[in-house]
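Chain by chain, the residues:
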Amino acid sequence: MCEPTTILIAATAVTAAGAAYSGYQSYQQGRYQNEVARNNAVMERDAAYDAEVRGQQDEVKRWREIAATRSAQIAAFAANGFDTSFGSAADVVGDTLALGREDARTIRENAGREARGNLISAQNYLEQGKAAARQGRGAATGAALQVAGTILGGAAQLQGMKLSGAQTLTPFKAPTIRPINAFMPGVV
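Summarised in this report is the structure supplied together with it. (Residues numbered from 1 in each chain as written. Predicted model: local features only at pLDDT ≥ 70, side-chain atom pairs only at ≥ 80, totals over all residues. Heavy atoms only, no water.)

**Concerning the overall build of the protein chain**
Then step 1. When its secondary structure is counted, the protein chain shows two helices and zero strands.
Then step 2. Taken over 188 residues, the protein chain has a buried fraction of 21%.
Then step 3. Looking at the protein chain alone, contacts between residues at least 24 apart form 85% of all its contacts between residues at least 6 apart.
Then step 4. Split by element, the accessible area of the protein chain, about 13400 Å² in all, is 59% carbon and sulfur. (Helix = DSSP H or I, 4+ residues; strand = E, 2+ residues; numbered from the N terminus. Buried < 20%, exposed > 50% of the residue type's maximum accessible area, 1.4 Å probe, protein only. Contact = heavy atoms within 4.5 Å. Areas by Shrake-Rupley, 256 points an atom, 1.4 Å probe, with all protein chains shown as cover.)

**Remarks on the packing of aromatic side chains**
Then step 1. Considering all chains together, one arrives at one aromatic pair under this definition.
Then step 2. Where F77 meets F82, the ring centres are 6.1 Å apart and the plane angle is 85°; that geometry is what we call edge-to-face. (Phe/Tyr/Trp six-rings, centres within 6.5 Å; stacked < 30°, edge-to-face > 60°.)

**Regarding helix α1 (residues 4-79)**
Then step 1. Helix length check: α1, at 76 residues, gives a terminal C-alpha distance of 110 Å against a target of 112 Å (1.5 Å per residue), a fit within 8%.
Then step 2. Just downstream of α1, G81 is the residue with a positive phi angle, here 85°. (Expected span 1.5 Å × (residues − 1).)

**Details of the pattern of salt bridges**
Then step 1. Counting across every chain of the model gives seven salt bridges.
Then step 2. We note a salt bridge from R54 to D50, for which the minimum N-O separation is 2.8 Å. Taken together, the residues span about one helical turn, with R54 and D50 both in helix α1 at a distance of four residues.
Then step 3. A residue is classified by how much of its surface remains accessible, and R54, at 32% relative accessible area, is partly exposed.
Then step 4. Residue D50 is classed as partly exposed on the basis of its relative accessible area, which comes to 37%.
Then step 5. Bridged by salt links that share partners, the residues D50, R54 and E114 form one connected network. (Salt bridge = Lys/Arg side-chain N within 4 Å of Asp/Glu carboxyl O.)

**Some details on the environment of N40**
Then step 1. Position of N40 among the secondary structure elements: in helix α1.
Then step 2. What makes N40 partly exposed here is its relative accessible area of 21%.
Then step 3. Taking the C-alpha atoms as reference points, N40 and Y125, separated by 85 residues in sequence, lie 6.5 Å from one another.

**Observations concerning the environment of L8**
Then step 1. If you trace the backbone, L8 turns up in helix α1.
Then step 2. On the accessibility criterion, L8 (12% relative accessible area) is buried.
Then step 3. In sequence terms L8 and L158 are 150 residues apart; their C-alpha atoms lie 7.2 Å from each other.
Then step 4. When neighbours within four sequence positions are excluded, L8 is seen to be in contact with G154, Q157, L158 and M161.

**Structural notes on the packing of α1 against helix α2 (residues 87-164)**
Then step 1. Put simply, α1 and α2 touch, their axes get as near as 8 Å, and they point 175° apart. Compared by their axis directions, α1 and α2 come out roughly antiparallel. (Axes fitted to C-alpha atoms, helices over the stretch in contact; angles between N-to-C directions. Parallel < 35°, antiparallel > 145°, perpendicular 65-115°, else oblique.)

**Brief notes about the side chain of Q73**
Then step 1. Here Q73 lies in helix α1.
Then step 2. Dropping the residues within four chain positions of it, Q73 is found in contact with V92, V93 and T96.

Next up, the structure:
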């Protein structure tokens, strides 16, 4: 049979090791979450860049469509003998340009909004990652303190056992059972 001091030392070691392992796992989880968040932030930045590039391409495409429409309008007016430098023909061509300018601006603004949204998401991911890393470090620090407390508590119990002289357990001694009639005279 094991001595009480051996059992106490083993229990303290196992408890301390469990706390250390838990702290290490929390630290590793925080690092992992931070890395995932950093990767997500990179993807969001890439998406922001892509939104800007797509917006520029869509805007150029729209300007080409506007130019083609205006050219077709001018050609149609000229073919029918209208002068496109004044009057209704000039107004139609001018309106086409104005509406096209609004479309191009809307395309640019929408692409900018999308890109800003992606950049905000990227920053949020980075902040979440930092928070996860801090949480992991905090859990590891807490576990280290718990390990230290467990070891010190075990050492204090061991010291208390040595001071009281309780090196071995005394076996349990059951109380003696007296017959009922010993408590109640006259009852058999």
